[in-house]
Amino acid sequence: QVQLVESGGGLVQPGGSLRLSCAASGSIFSINDMGWYRQAPGKQRELVAVISFDGSAHYADSVKGRFTISRDNAKNTVYLQMNSLKPGDTDTYYCNADGVGGPPPEYLEVWGQGTLVTVSS
């Protein structure tokens, strides 16, 4: 079984920064994409940023230039550096990973439990 454990959420003032971390553990053979999504109560979960195994990254337009996603493949960990935070960034942030678990080898897609980010003065 594979688990994702997130950390780094909290309360920050507008214009401030936070760094989220998400570590995968368990029966992992390989991880392809790792990403961050966010969701507000009553709204659909939306993509924030995703990074492939080779480091290619894609961002939502709303966070381009402010957020940076990175990963450490040796540690099966993905990070999200969030700068110039705005009140509109207030959400629960979820980590996601897909790849191959096992043995025996099988496709997996896993979600973290979520970490709350609150941007407020």
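Everything below is about the structure printed above this text.
Keep in mind the model is a prediction, meaning the values are calculated, not measured.

Caption draft 1: Examining the overall build of the chain more closely. Tallying secondary structure elements over the chain gives zero helices and 11 strands in all. Starting at the N terminus and walking to the C terminus, you meet the elements of the chain as β-β-β-β-β-β-β-β-β-β-β. The C-alpha atoms of the chain give a radius of gyration of 14 Å, which matches the 14 Å a tight globule of 121 residues would have. Taken over the C-alpha atoms alone, the chain extends approximately 50 × 25 × 20 Å along its principal axes. Counting every position in the chain, which comprises 121 residues, the buried fraction comes to 40%. Contacts in the chain between residues at least 24 apart in sequence constitute 55% of all its contacts with a sequence separation of at least 6. If you average the places of the 9 positive and of the 11 negative side-chain charges in the chain, the two averages end up 8 Å apart.

Caption draft 2: Quick peek at the packing of aromatic side chains. Overall, the coordinates contain one aromatic pair when judged by the stated rule. With 5.0 Å between their ring centres and 65° between their planes, Tyr37 and Trp111 make a pair best called edge-to-face. One end of the pair, Tyr37, is in strand S4 (residues 28–39); the other, Trp111, is in strand S10 (residues 106–111), with 74 residues separating them in the sequence. Positioned above the aromatic ring of Tyr79, the side-chain terminus of Arg19 is 4.1 Å from the ring centre. Positioned above the aromatic ring of Trp111 is the side chain of Arg45, whose terminal nitrogen or guanidinium carbon lies 4.6 Å from the ring centre.

Caption draft 3: Inspection of the environment of Gly16 at higher detail. Tracing the backbone shows Gly16 in the loop between strand S2 (10–12) and strand S3 (18–26). C-alpha of Gly16 to C-alpha of Leu85: the two residues are 69 residues apart in sequence and 5.5 Å apart in space. Setting aside residues no more than four positions away along its own chain, Gly16 makes contact with Met82, Asn83, Ser84 and Leu85.

Caption draft 4: A look at the pattern of salt bridges. One pass over the structure, following the stated rule, counts five salt bridges. Where Asp89 meets Arg38, a salt bridge forms, and the shortest distance between an N and an O atom there is 3.0 Å. You can see Asp89 sitting in the loop between strand S8 (77–82) and strand S9 (91–101) and its partner Arg38 sitting in strand S4, a full 51 residues away along the chain. Using a relative accessible area of 2% as the deciding quantity, one classes Asp89 as buried. Residue class for Arg38 comes out buried when judged on its relative accessible area of 5%. Between Asp91 and Arg38 there is a salt bridge, with the nearest N and O atoms lying 3.7 Å from each other. Placement of Asp91 in strand S9 and of Arg38 in strand S4 is noted, with a sequence separation of 53 residues between them.

How each quantity is defined
Residues numbered from 1 in each chain as written. Predicted model: local features only at pLDDT ≥ 70, side-chain atom pairs only at ≥ 80, totals over all residues. Heavy atoms only, no water. Helix = DSSP H or I, 4+ residues; strand = E, 2+ residues; numbered from the N terminus. Rg over C-alpha atoms; globule rule 2.2 N^0.38 Å. Buried < 20%, exposed > 50% of the residue type's maximum accessible area, 1.4 Å probe, protein only. Contact = heavy atoms within 4.5 Å. Lys, Arg positive; Asp, Glu negative; His and termini not counted. Charge placed at Lys NZ, Arg CZ, Asp CG, Glu CD. Phe/Tyr/Trp six-rings, centres within 6.5 Å; stacked < 30°, edge-to-face > 60°. Lys NZ or Arg CZ within 6 Å of the ring centre and 35° of its normal. Salt bridge = Lys/Arg side-chain N within 4 Å of Asp/Glu carboxyl O.

None of the figures reported here should be taken as evidence of function without further support.
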